[in-house]
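Okay, here's what each chain looks like letter by letter:
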Amino acid sequence: MDYIFIDKTIKTSIYKQIASSISKMIDTGKLTYNDKLPTEKEICEVFGVSQTAVKMAYQQLIDQHKIKRIKGKGTFVTNRETYHQEFPNIYAFEADQENECQDILFDCINDEYMTQRMLKMDKNESFYVIHRLIKSKKNPLVYQHVYLPEKFYPKLKKNYPYKDGLFSLIQETYHHRIHHIQNTFSPALASSAEAQLLNILSGEAIYLIRSQIFDDNQHIIGYIVNYFPGEFSSFEVTVHAKP
Amino acid sequence: MQSHKIFELISIDRREKRPYDVQIKDRIKALIIDQTFYYQDILPDPLELSAALNIDQEYASQAYKNLMKENFIKKTEQGYEVAYLELTNYFFDRNVAIYDAIIALGLTPSIECVSKKIVTLSDDIAKGFGFHTARTFLYINRIYKGNQRPLIILENYLPMSIFPDIDQALTGIEPLNAFIFEHYGLYAKESHRITKAVNLPDHIAKYLNEPAGSPSISSTNHVYDQYKRLIDYGQSHSTSSYYFQSIISPNK
């Protein structure tokens with residue numbers, strides 16, 4: 001609480017002083033995402049101010065999306081960057097060199113019916129599974145399950161050359177031509193494991209985007225399941241009526 | 001669908017390492033996603049299914065439980081029903097009215113009007129919505145249904161300066177785009193949408209027959225007419241079983 005400073009001798013209202021103290025800490029990165037703020041009562045006790053003033057200060061910060069209140073848990077800093085993209089560029093993060101990519105699992109399997117079906121593969125055909133977490137400025141941007149049929153990516157290794165992203169691996173390393181990507185958008189609730197990886201709360205909304213990647217011969221050369229944290233992801237589009 | 005056909009489709013492999021309940025769950029999920037099982041199809045009872053597969057009933061029950069958790073099926077009076085609905089008319093590619101999208105899904109559309117009133121907004125709020133001068137609006141809050149089930153709830157702010165007397169003319173249960181064209185000669189030339197995944201707030205969940213906190217796609221829409229005027233600001237929330245598709249063609 002030592003980051004709040006109130007000067008009762010000046011004209012600036014108390015609530016504005018509280019709000020701007022906290023705001024300054026968030027803007028300068030001294031308070032970061034998920035940091036817990038003192039309760040209204042605690043501030044009242046230390047500074048001898050009215051609870052209304054504290055309420056107003058917090059409300060202003062909530063309106064500015066800098067903090068949020070979670071019922072029964074407290075008030076938290078929420079200044080996390082939102083991944084906002086125009087629709088055709090949902091995969092813009094793949095080529096962003098500033099992002100950090102962390103592989104969590106690499107495997108080659110042949111007994112997952114659901115995925116074989118999404119990849120339109122026969123039973124017992126093998127495919128690679130890559131689970132990865134992509135972070136932007138330390139915050140998880142998306143958690144991904146990537147499935148690549150072995151027949152299209154022979155000898156794929158854990159340390160595949162992928163500094164330029166998955167699409168560069170598909171198109172440049174393996175010389176596949178992407179004809180189109182078919183995407184399904186749906187909402188889901190984060191399981192506790194997904195929540196932990198995405199640094200959100202269990203049960204919070206996830207923007208689930210499933211993508212099937214087709215080549216010129218209409219083969220499915222990849223299948224990606226993206227788990228975007230709902231609160232920190234939005235996709236934008238402008239559509240036109242037919243003339 | 002014929003029930004003997006269903007049992008042929010949901011099979012298990014006894015040599016596979018994965019437990020039967022996971023196998024059943026994955027098979028049903030795949031059959032739903034590729035639309036072999038369609039929205040509102042009734043699945044066999046777990047008892048029947050386990051008898052047909054000659055396995056312990058617990059496996060089928062567990063599979064169904066997990067399918068419900070993932071919103072693929074729902075338990076209704078009729079039994080276990082497919083709840084997964086995919087809006088295959090490409091929400092992000094074309095400007096399609098929700099009403100027509102519901103028809104395209106093969107469902108019978110209807111609209112329930114929850115609220116319809118004239119409101120005056122403060123400068124801050126109206127500007128936040130994108131209106132420069134308009135301050136008085138017809139506010140409507142409506143539920144779009146398919147086969148009587150709520151699919152989407154949509155709030156709209158329509159400026160009275162562009163739609164004089166709209167509070168009298170609009171009953172609230174007619175498709176909005178068609179109404180605006182018929183009465184005012186305006187059409188939604190351009191629609192700008194921002195979508196997010198959110199947890200449904202209590203008051204909205206209630207209208208959609210969903211538990212509070214259910215996952216939902218929320219969309220904020222700005223609609224512009226042929227004169228490039230903002231004629232409608234709206235915000236929608238879908239049920240958790242409402243999905244949509246879109247295609248990206250990178251080399252075009």
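Since this is a predicted model, take the numbers as computed values, not measurements.

Right, let's get into the overall build of chain A. Looking only at helices and strands, chain A features six helices and eleven strands. Counting only C-alpha atoms, chain A reaches 75 × 50 × 30 Å along its principal axes.

Once that is clear, we can look at the domain arrangement of chain B. Under the domain assignment, chain B is made up of domain 1 (3-82) and domain 2 (89-244). Computed from C-alpha atoms alone, the centre-to-centre distance between domain 1 of chain B and domain 2 of chain B is 36 Å.

Attention now goes to the confidence of the model for chain B. All names here are of chain B. Mean pLDDT over chain B works out to 88, with 93% of the residues at or above the 70 mark. When the elements of chain B are averaged for pLDDT, helix H1 (residues 3-9) gives the smallest value, 67, and strand S5 (residues 109-120) the largest, 96. With pTM at 0.81, the complex prediction returns an ipTM value of 0.80.

Within the largest apolar cluster, 62 residues are counted, with the highest numbers of intra-cluster contacts made by Ile206(A) and Ile73(B). With residues near it in sequence (within four places) discarded, Ile73(B) still touches Leu43(B), Tyr64(B), Leu67(B), Met68(B), Tyr80(B), Glu81(B), Val82(B) and Ala83(B).

Here we come to the domain arrangement of chain A. Note: interface size is frequently given as the accessible area lost on complex formation between the parts. Along its sequence, chain A is organised into domain 1 (14-77) and domain 2 (83-236). A straight line from the C-alpha centre of domain 1 of chain A to that of domain 2 of chain A covers 37 Å.

What follows deals with the packing of helix H2 (residues 40-47) of chain A against helix H3 (residues 51-63) of chain A. All names here are of chain A. Across the interface, H2 lies against H3 with an axial gap of 9 Å and an inter-helix angle of 125°. In terms of axis orientation, H2 runs oblique to H3. As for how H2 packs across H3, the hand of that crossing is right-handed. Packed against H2, whose contacting residues are Glu40, Ile43 and Cys44, the element H3 presents Gln51, Val54, Lys55 and Tyr58 at the interface. Across the contact of H2 with H3, the residue classes break down as four nonpolar, one polar and two charged.

Next up on the list: the sheet that holds strand S10 (residues 230-238) of chain B. The strand order across the open sheet built from eight strands is S4(A)-S11(A)-S8(B)-S9(B)-S10(B)-S7(B)-S6(B)-S5(B), with neighbouring strands paired in mixed fashion. With one partner strand each, in any of the chains shown, strand S4 (83-86) of chain A together with S5 of chain B form the two edges of the open sheet. Strand-to-strand, the axes of this sheet are offset by a mean angle of 15°, without reference to chain direction. In this sheet, S10(B) lies alongside strand S7 (residues 149-159) of chain B in antiparallel orientation, the contact comprising six bridges.

Another aspect to go through is the interface of chain A and chain B. Across the boundary between the two partners, chain A contributes 32 residues, which contact 41 residues of chain B. Of all the secondary-structure elements, those providing two or more residues to the side of chain A that touches chain B are helix H4 (113-118), strand S8 (178-189), strand S9 (205-215) and strand S11 (233-240) of chain A. Ranked by the residues each element gives to the side of chain A that touches chain B, the list is headed by S8(A), at eleven residues. Across the side of chain A that touches chain B, the residue classes break down as 17 nonpolar, eleven polar and four charged.

Quick look at unusual backbone geometry now. Despite not being glycine, Lys120(A) shows a phi value in the positive range, around 50°. With respect to the secondary-structure elements, Lys120(A) resides in the loop between H4 and strand S6 (127-136). Notably, Gln148(B) is not glycine yet its phi reads approximately 70°, a positive angle. Topologically, Gln148(B) is positioned in the loop between strand S6 (136-146) and S7.

What follows covers helix H4 (residues 57-69) of chain B. All names here are of chain B. Helix length check: H4, at 13 residues, gives a terminal C-alpha distance of 19 Å against a target of 18 Å (1.5 Å per residue), a fit within 8%. Taken residue by residue, H4 has Tyr59, Ala60, Ala63, Tyr64 and Leu67 as its buried positions. The arc that holds every buried residue of H4, seen down its axis, measures 130°, which confines them to one face. Relative to its buried face, H4 has exposed residues pointing more than 90 degrees away, namely Glu58 and Lys69. Packing partners of the buried residues in H4 comprise helix H2 (20-33), helix H3 (46-53), strand S2 (73-76) and strand S3 (79-82).

The rules behind each value
The numbering scheme is per chain: residues are counted from 1 as the chain's sequence reads. Chains carry letters from A onward and ligands carry numbers from 1 onward, assigned in written order. For a predicted model such as this one, the threshold for reporting local features is a pLDDT of at least 70, and the threshold for listing and counting side-chain atom pairs is 80 or more; totals across whole chains, interfaces and linings nevertheless cover every residue. Secondary structure counts use DSSP, requiring at least four H or I residues in a row for a helix and at least two E residues in a row for a strand, with both numbered from the N terminus. Throughout, the edges of the domains are those of an automatic or database domain assignment. Confidence of the predictor at the level of single residues is given by pLDDT, which spans 0 to 100. When buried Ala, Val, Leu, Ile, Met, Phe, Trp, Tyr and Cys residues are joined through C-beta atoms within 7 Å, the set is termed a nonpolar core. To assign burial, the other C-beta atoms lying within 10 Å of each residue's own C-beta are counted, with C-beta atoms placed from the backbone; 20 or more indicates buried, 12 or fewer indicates exposed, and intermediate counts indicate partly exposed. Each residue is represented by a C-beta atom placed from its backbone, and any two residues with such atoms within 7 Å are regarded as in contact. Whenever a helix is involved, its axis is fitted only over the stretch in contact; in every case the axis is a line through C-alpha atoms, and angles between N-to-C directions fall within 0 to 180 degrees. Orientation is classified from the angle alone, with under 35 degrees giving roughly parallel, over 145 giving roughly antiparallel, 65 to 115 giving roughly perpendicular, and any other angle giving oblique. For a crossing to be left-handed, the near helix must be turned anticlockwise from the far one by less than a right angle; the clockwise case is right-handed. Residues were grouped as follows: Ala, Val, Leu, Ile, Met, Phe, Trp, Tyr, Cys and Pro as nonpolar; Asp, Glu, Lys and Arg as charged; and all remaining residues, including Gly, as polar. Any two strands with at least two DSSP bridges between them are considered paired. Every helix has an expected span of 1.5 Å times one less than the residues it contains. Working note: the arc is built from the helix axis to C-beta atom directions.

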